[in-house]
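Notes for the structure review
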Amino acid sequence: MVLINLLLISAIVVFIVDISGAVDSLKSGLKRILTKGVMKDSDYSLKPIDCSLCMTFWSGIIYLLCTGNFT
């Protein structure tokens, strides 16, 4: 059951990070807040957040720790 849950977590994370565009909205809002509109391009990287492989890894580790299945 744990492997199925990890597979579903990875599918959800990939959909949110790569397909939905939520990360782009987060980056543009963060850019607007931090630079007060001075920075014009949004071509920068927020490495664990905008990388679906990184987010899948870390969310899988957090899931395993919370459920007590980390061995």
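Residues numbered from 1 in each chain as written. Predicted model: local features only at pLDDT ≥ 70, side-chain atom pairs only at ≥ 80, totals over all residues. Heavy atoms only, no water.

In total, this model carries one salt bridge according to the counting rule given. Here D50 makes a salt bridge to K27, at a shortest N to O gap of 3.7 Å. Taken together, the positions of D50 in the loop between helix 2 (22-35) and helix 3 (52-67) and K27 in helix 2 put the pair 23 residues apart, joining distant regions of the chain. On the accessibility criterion, D50 (21% relative accessible area) is partly exposed. (Salt bridge = Lys/Arg side-chain N within 4 Å of Asp/Glu carboxyl O. Helix = DSSP H or I, 4+ residues; strand = E, 2+ residues; numbered from the N terminus. Buried < 20%, exposed > 50% of the residue type's maximum accessible area, 1.4 Å probe, protein only.)

Attention now moves to a nonpolar patch on the surface. Taken together, the side chains of M1, I4, L8, I12, F15, I16 and I19 define a hydrophobic patch exposed on the protein surface, amounting to about 770 Å² of accessible area. Topologically, I16 is positioned in helix 1 (residues 2-19). Accessibility expressed as a relative area gives 41% for I16, which makes it partly exposed. (Patch = residues over 30% accessible without salt bridge, like charges linked within 9 Å, V, L, I, M, F, W, Y side chains within 5 Å. Areas by Shrake-Rupley, 256 points an atom, 1.4 Å probe, with all protein chains shown as cover.)

Turning next to the environment of S28. Here S28 lies in helix 2. Residues S28 and D41, 13 residues apart in the sequence, show an inter-C-alpha distance of 8.8 Å.

Turning our eyes to something else, we now look at the packing of helix 1 against helix 3. Interaxial distance between helix 1 and helix 3 falls to 9 Å at its minimum, and their mutual angle equals 145°. Relative to helix 3, helix 1 is oriented so that their crossing is right-handed. Between helix 1 and helix 3, the residues in contact are V2, N5, L6, I9, S10, V13, V14, V17 and D18 and S52, M55, T56, S59, G60, Y63 and L64, respectively. Tallied by class, residues from the contact of helix 1 with helix 3 come to nine nonpolar, six polar and one charged. (Axes fitted to C-alpha atoms, helices over the stretch in contact; angles between N-to-C directions. Left-handed = near helix turned anticlockwise from the far one by under 90°. Contact = heavy atoms within 4.5 Å. Nonpolar A, V, L, I, M, F, W, Y, C, P; charged D, E, K, R; others polar.)

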